[in-house]
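Topology and contacts: notes
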Amino acid sequence: MGIPSEDKEEGTGLLNDIDKTSQDSGILVNGSGSENPHRRRFLILVPILLLSLTTNIITLSIIVSNPKHYQRPSKYANLHLTHTEPYVLLTDYSSHNTTLADNLWHSINIDSGVVALPDSFAASHDLRTAQRFPWDTSKGIYILHGFHNLHCLKIIYISLFEFRTGQEQSRTWHHIAHCLDALRRQMLCDADDTPRATDRRAEVVSGVGQHRVCRDWGALENWAKAHTACYKRPEKPEDEVGLKRFMHCPEGSGYVVDEGYMPTEEILVGLPEESIATGVAGEV
């Protein structure tokens with residue numbers, strides 16, 4: 001006896017529903033019960049994506065709440081903010097032991113701040129090309145700004161030291177004024193907005209108990225030495241002038257010093273106010 005047509009249609013419809021449900025749920029119709037591989041991958045990816053999203057949200061909230069600690073590294077030497085230091089009233093450089101302070105200030109050495117950088121580095125970092133480095137003319141001679149400022153502080157201190165001890169001034173007023181102005185302009189450029197707390201004290205002091213976030217000066221020195229320009233300033237400027245100051249290449253630098261080298265440029269400059277080509281010692 002045949003099945004009525006309505007039952008056939010109903011049976012067929014029910015079977016189709018089962019097939020559709022089986023496909024949607026990822027269960028095979030053959031009853032094997034094995035999962036669809038696409039569903040398995042989906043179930044694995046969901047918790048990974050949720051974990052990644054949560055991590056990004058936490059990281060972003062930390063950066064927003066502590067922006068100073070997540071600033072971009074410096075443009076040229078790739079320096080990061082690495083440590084904090086307190087604002088203090090006195091250090092050895094301002095010690096009441098003037099002998100100690102004098103020795104520290106006079107021992108500041110900025111020779112490594114004169115560097116030789118490839119023209120390719122200059123181009124990729126939006127630097128203008130500089131005078132040629134004599135032992136590799138594909139490089140230019142630069143002085144790192146932080147070292148220049150330290151140089152200025154040193155000669156200002158020396159001028160004050162000479163005044164305090166009744167010695168003749170070894171630097172001209174023009175050079176001292178230049179350095180004071182350079183430091184003034186740097187302060188205006190930095191526009192440091194840190195509020196330093198005041199206290200009721202006999203000393204003129206502020207910021208006690210506060211800290212600032214700093215880069216590592218030692219890391220900058222290491223970067224500078226890795227790009228050495230073989231520069232060395234003698235104790236007495238008249239002892240070595242001009243090109244001779246660039247003949248102090250460290251072992252392993254790979255540079256070959258040519259004492260007969262003749263500059264192709266009209267003027268080469270080592271530090272501010274120092275001419276190499278003319279052989280005239282400037283005030284450095």
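Conventions used here
Residues numbered from 1 in each chain as written. Predicted model: local features only at pLDDT ≥ 70, side-chain atom pairs only at ≥ 80, totals over all residues. Heavy atoms only, no water. Helix = DSSP H or I, 4+ residues; strand = E, 2+ residues; numbered from the N terminus. Buried < 20%, exposed > 50% of the residue type's maximum accessible area, 1.4 Å probe, protein only. Contact = heavy atoms within 4.5 Å. Axes fitted to C-alpha atoms, helices over the stretch in contact; angles between N-to-C directions. Parallel < 35°, antiparallel > 145°, perpendicular 65-115°, else oblique. Nonpolar A, V, L, I, M, F, W, Y, C, P; charged D, E, K, R; others polar. Pairing = 2+ DSSP bridges. Disulfide = S-S within 2.5 Å. Salt bridge = Lys/Arg side-chain N within 4 Å of Asp/Glu carboxyl O. Arc of directions from axis to C-beta.

Another aspect to go through is the overall build of the protein. Counting secondary structure elements, the protein contains 7 helices and 5 strands. Buried positions account for 27% of the 284 residues belonging to the protein. For the protein, long-range pairs separated by at least 24 residues make up 59% of all intrachain contacts whose partners lie at least 6 apart in sequence.

Glancing now at the packing of helix H5 (residues 145–164) against helix H7 (residues 217–226). The contact between H5 and H7 brings their axes to 11 Å, and the two run at 110°. Looking at the two axes, H5 sits roughly perpendicular to H7. Contacts between H5 and H7 involve Gly146, Phe147 and Leu150 from the former and Trp217, Leu220, Glu221 and Ala224 from the latter. Split into classes, the residues belonging to the contact of H5 with H7 amount to 5 nonpolar, 1 polar and 1 charged.

Right, let's talk about the sheet that holds strand E4 (residues 136–143) for a bit. The 3 strands are arranged E2-E4-E3 in an open sheet whose pairing can be described as antiparallel. Of all strands in the sheet, those with a lone pairing partner are strand E2 (114–118) and strand E3 (132–133), marking the two edges. Strand direction decides the pairing type here: E2 and E4, joined by 5 bridges, are antiparallel. Note on E4: the bridge partner recorded for proline 118 is lysine 139.

Considering the arrangement of structural elements, one finds threonine 228 in the segment after H7. Since its relative accessible area comes to 17%, threonine 228 is described here as buried. With residues up to four places along the chain from it excluded, the contact list for threonine 228 reads Val114, Val115, Ala116, Phe133, Pro250, Ser253 and Tyr255.

Moving on: the state of the cysteines. For the structure on display, the rule yields 2 disulfides. Each sulfur of the disulfide joining cysteine 152 and cysteine 179 lies 2.2 Å from the other. Looking down the S-S bond of the cysteine 152 and cysteine 179 bridge, the torsion is -70°, so its handedness is left-handed. Taken as a pair, cysteine 152 in helix H5 and cysteine 179 in helix H6 (residues 173–190) lie far apart in primary sequence, 27 residues in all. Residues cysteine 152 and cysteine 179 agree in their burial class; the two are buried. Each sulfur of the disulfide joining cysteine 230 and cysteine 249 lies 2.1 Å from the other. The sign of the 100° torsion about the S-S bond sets the cysteine 230-cysteine 249 disulfide as right-handed. Residue cysteine 230 is found in the segment after H7, and its partner cysteine 249 is found in the segment after H7; the two are separated by 19 residues along the sequence. Overall, cysteine 249 belongs to the partly exposed group, its relative accessible area being 23%. Described in terms of the sequence order of its bonded cysteines, the disulfide pattern of the protein is 1-2, 3-4.

Next up on the list: the environment of leucine 153. Considering the arrangement of structural elements, one finds leucine 153 in helix H5. On the basis of relative accessible area, leucine 153 is assigned to the partly exposed category, the value being 35%. As for leucine 153 and tryptophan 105, which are separated by 48 residues in sequence, their C-alpha atoms are 8.8 Å apart. Those residues in contact with leucine 153 that sit more than four places away from it in its chain are Trp105 and Leu183.

Looking now at the pattern of salt bridges. According to the stated counting rule, one finds 6 salt bridges in the structure shown. Between lysine 75 and aspartate 126 there is a salt bridge, and its shortest N-O distance comes to 3.7 Å. One end of the pair, lysine 75, is in the loop between helix H2 (37–65) and strand E1 (81–86); the other, aspartate 126, is in the loop between helix H4 (119–124) and E3, and 51 residues separate them in sequence. The exposure class of lysine 75 is partly exposed, given its relative accessible area of 47%. One connected set of salt bridges, linked through shared partners, spans Asp181, Arg184 and Arg185.

All right, on to helix H3 (residues 98–106) then. Turning to H3, its buried residues are Ala101, Asp102 and Trp105. Viewed end-on, H3 has its buried residues packed into an arc of 100°, placing them on one side of the element. For H3, exposure combined with an orientation more than 90 degrees from the buried face picks out Thr99 and Asn103. Looking at the packing, one finds that the buried side of H3 touches H5.

Spatial relationships are all this shows, so hold off on functional conclusions.
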